[in-house]
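A closer look at the structure
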Amino acid sequence: MGFFHRYQSEIHGNYRKGYLRFGIITGVVLMLYILVRYMMGVPAESPEAYITDGIMLVAVFLFTLLYRNVLPDRKATLKELMLLGLGTAVVGSVLYGLFLWAFGSAVPEQTELFTRTLRGEDAFLSAPAHFWAAWWGIESGIKLSVLGGFGAFVAALVFRNEKSAIHQK
């Protein structure tokens, strides 16, 4: 375990406050995508699609860049940006998953469309709509968290501009 203690990194800003704010904004944008499509009369066929993946990745990249540019001297380490990106992705994904669960329970037609599109015609009849709504919320939240974590790693690699000091013994 000595390898992990060789590095000492400095946190330059309040990344926790950042990822809470940025995660809420990301979650709201993802919610609005589903809600606006439903209100337009063209409901989304799947809770996870290229557009939701794109929203998550673009949000993680843009918010990571915004956070780094707001810091004093614009210095950020890989660790700090990675924690910010992961936090943003997890908070946004959890909010999106909870929204899908609540929205799917309140609007069973949307849950039925998700289930029939992704699991087949007979799958929706096997369980009540609120069970499927919970399933789509949990599954979508987990998948977007993983994708956002990958995006956070890439964004942290791209936008870091300070390296941690290595201590030799």
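Now for a description of the structure that goes with this document. (Residues numbered from 1 in each chain as written. Predicted model: local features only at pLDDT ≥ 70, side-chain atom pairs only at ≥ 80, totals over all residues. Heavy atoms only, no water.)

**Examining the nonpolar core**
Judged by nonpolar contacts, the single largest core of 31 residues is most densely connected at Ile34 and Tyr67. Setting aside residues up to four positions removed in sequence, Ile34 forms contacts with Ala44, Tyr96, Phe99, Leu100, Phe103 and Phe114. (Core = buried A, V, L, I, M, F, W, Y, C linked by side-chain atoms within 4.5 Å. Buried < 20%, exposed > 50% of the residue type's maximum accessible area, 1.4 Å probe, protein only. Contact = heavy atoms within 4.5 Å.)

**Structural notes on the packing of aromatic side chains**
Across all of its chains, the model carries 6 aromatic pairs by this definition. Consider the rings of Phe99 and Phe103, whose centres lie 5.3 Å apart with planes at 15°: the pair is stacked. Highlighted residues: Phe99 and Phe103, both in helix α3 (residues 78-106), separated by 4 residues, approximately one helical turn. Across this residue pair, the class does not change: Phe99 and Phe103 are buried. (Phe/Tyr/Trp six-rings, centres within 6.5 Å; stacked < 30°, edge-to-face > 60°. Helix = DSSP H or I, 4+ residues; strand = E, 2+ residues; numbered from the N terminus.)

**Description of the environment of Val60**
In this fold, Val60 is placed in helix α2 (residues 50-70). Linking Val60 and Gly148, residues 88 residues apart in sequence, is a C-alpha distance of 6.9 Å. Apart from the residues lying within four places of it in its own chain, the contact partners of Val60 are Gly85, Ala89, Gly148, Gly151, Ala152 and Ala155.

**Quick word on the pattern of salt bridges**
This model, assessed by the stated rule, comprises 3 salt bridges. When the shortest N-O distance is used, the salt bridge between Glu48 and Lys143 registers 3.5 Å. In this pair, Glu48 sits in the loop between α1 (15-39) and α2 while Lys143 sits in helix α5 (residues 129-159), placing the two residues 95 residues apart along the sequence. We classify Lys143 as partly exposed; its relative accessible area is 42%. Note that Lys143 is salt-bridged to Glu139, the shortest N-O span being 2.9 Å. Taken together, the positions of Lys143 and Glu139, both in helix α5 and 4 residues apart, correspond to about one turn of that helix. In this structure Glu139 comes out as buried when scored by relative accessible area, which is 12%. Each member of the salt-bridge network shares a partner with another, and the members are Glu48, Glu139 and Lys143. (Salt bridge = Lys/Arg side-chain N within 4 Å of Asp/Glu carboxyl O.)

**Describing a nonpolar patch on the surface**
A cluster of nonpolar side chains, Val90, Val94, Leu98, Trp101, Ile138, Ile142 and Val146, forms an exposed patch at the surface whose accessible area comes to about 640 Å². For the nonpolar patch, the elements supplying multiple residues, two or more each, are α3 and α5. Sorting elements by how many residues they give to the nonpolar patch places α3 first, with 4 residues. Turning to its location among the elements, Leu98 is positioned in helix α3. (Patch = residues over 30% accessible without salt bridge, like charges linked within 9 Å, V, L, I, M, F, W, Y side chains within 5 Å. Areas by Shrake-Rupley, 256 points an atom, 1.4 Å probe, with all protein chains shown as cover.)

**Some remarks on unusual backbone geometry**
Positive phi is not limited to glycine here, since Asp73 has a value of about 60°. Its place among the elements puts Asp73 in the loop between α2 and α3. Positive phi outside glycine occurs at Arg74, with the angle close to 50°. In this structure, Arg74 sits in the loop between α2 and α3.

Purely spatial values, then, with no claim about function.
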